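Architecture at a glance
In case you want the letters, here they are:
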Amino acid sequence: MFYLIAYISSVVLINYAFSSAPHLDVIWSAWGGLVFILRDMVQTRYGHGALLAMLAALLLSYITSEPAIALASATAFFVSELIDWLVFSITRRPLRDRLWLSSALSIPVDTFIFFGMIGALTPAVAGTALASKFAGVTAVWLAMTWRARKNALAG
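A brief report on the enclosed structure follows.

Each value, and the rule that gives it
- All chains use their own residue numbering, which begins from 1 and follows the written sequence.
- Reporting in this predicted model follows two pLDDT cut-offs: at least 70 for local features of residues, and 80 or more for side-chain atom pairs to be given and counted; totals over whole chains, interfaces and linings ignore these cut-offs and use all residues.
- Only hydrogens and water are set aside when side-chain values are computed; all heavy atoms of the structure are taken into account.
- In this description, a nonpolar core means a group of buried Ala, Val, Leu, Ile, Met, Phe, Trp, Tyr and Cys residues linked to one another through side-chain atoms lying within 4.5 Å.
- In this scheme, a residue with accessible area under 20% of its type's maximum is buried, one over 50% is exposed, and one in between is partly exposed, where area comes from a 1.4 Å probe on protein chains only.
- Runs of H or I in DSSP of at least four residues are treated as helices and runs of E of at least two as strands, each being numbered from the N terminus.
- Here, residues are in contact when the closest pair of their heavy atoms is within 4.5 Å.
- Cavity and pocket criteria rest on a 1 Å grid covering protein atoms alone: a 1.4 Å probe that fits but cannot get out defines a cavity, protein on both sides within 12 Å along at least 5 of 7 lines defines an open pocket, and an atom within 4 Å of a point defines a lining residue.
- Grid points are joined across faces, edges and corners, and a volume is the space filled by probe spheres set on the points.
- Three residue categories are used. Nonpolar comprises Ala, Val, Leu, Ile, Met, Phe, Trp, Tyr, Cys and Pro, charged comprises Asp, Glu, Lys and Arg, and polar comprises the others, including Gly.

Quick look at the nonpolar core now. The biggest cluster of nonpolar side chains holds 25 residues, and the ones touching the most others in it are Tyr7, Val11, Phe77, Phe114 and Phe115. Breaking this core down by element, the ones donating at least two residues are helix H1 (2–20), helix H2 (25–46), helix H3 (49–64), helix H4 (67–90), helix H5 (95–117) and helix H6 (123–154). Not counting the four nearest positions on each side in its chain, tyrosine 7 is found in contact with Val35, Leu38, Arg39, Val42, Ala53, Met54, Phe77 and Glu81.

Applying the stated criterion to the full structure yields 2 cavities of 30 Å³ or more. Forming the walls of the largest cavity are 16 residues, and the residues nearest its centre are Ile14, Gly32, Phe77, Asp110 and Phe114. Listed by contribution, the elements that provide at least two residues to the lining of the largest cavity are H1, H2, H4 and H5. Considering each element in turn, the lining of the largest cavity owes the most residues, 5 residues, to H2. Its residues assigned to classes, the lining of the largest cavity comprises 10 nonpolar, 4 polar and 2 charged. Empty space within the second largest cavity amounts to approximately 30 Å³. Around the second largest cavity sit Phe36, Ile37, Asp40, Met41, Leu99, Val137 and Val140, which together line it. Only H2 and H6 provide two or more residues apiece to the lining of the second largest cavity. Tallying contributions element by element places H2 first for the lining of the second largest cavity, with 4 residues. Residue composition of the lining of the second largest cavity, by class: 6 nonpolar, no polar and 1 charged.

Here you go:
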């Protein structure tokens with residue numbers, strides 16, 4: 001339940017932050033990296049229920065954020081969530097690999113759609129968003145790989 005609440009809250013708060021202080025877009029784009037990790041944790045725990053969590057977050061974003069921000073977020077999340085769903089549905093790799101692969105495919109798409117739609121696609125923003133998102137998912141991948149190796153040696 002923690003990841004579900006954190007995911008929905010993060011989407012709403014980031015969209016609100018972009019609406020309230022767009023001049024801090026580099027900061028908000030760094031925070032956005034967390035959303036991908038949370039989304040994958042929700043996907044792992046609730047499967048296709050992650051789509052309902054995304055819809056809830058986006059509906060709340062329409063209430064709390066500028067409509068253009070909410071629309072850009074909805075569009076970017078829809079496309080990246082489809083990529084994520086395909087990776088999780090088609091591949092049979094270990095969870096840690098599916099998390100990283102889905103992010104490697106969906107992060108650039110999400111980043112360019114969202115920032116392109118709100119007119120903030122600059123090299124600094126795109127670079128910060130991509131770097132923070134990939135750093136976060138790579139850290140999770142490394143932790144899961146380390147845990148799997150530790151368990152294999154112990155077992």
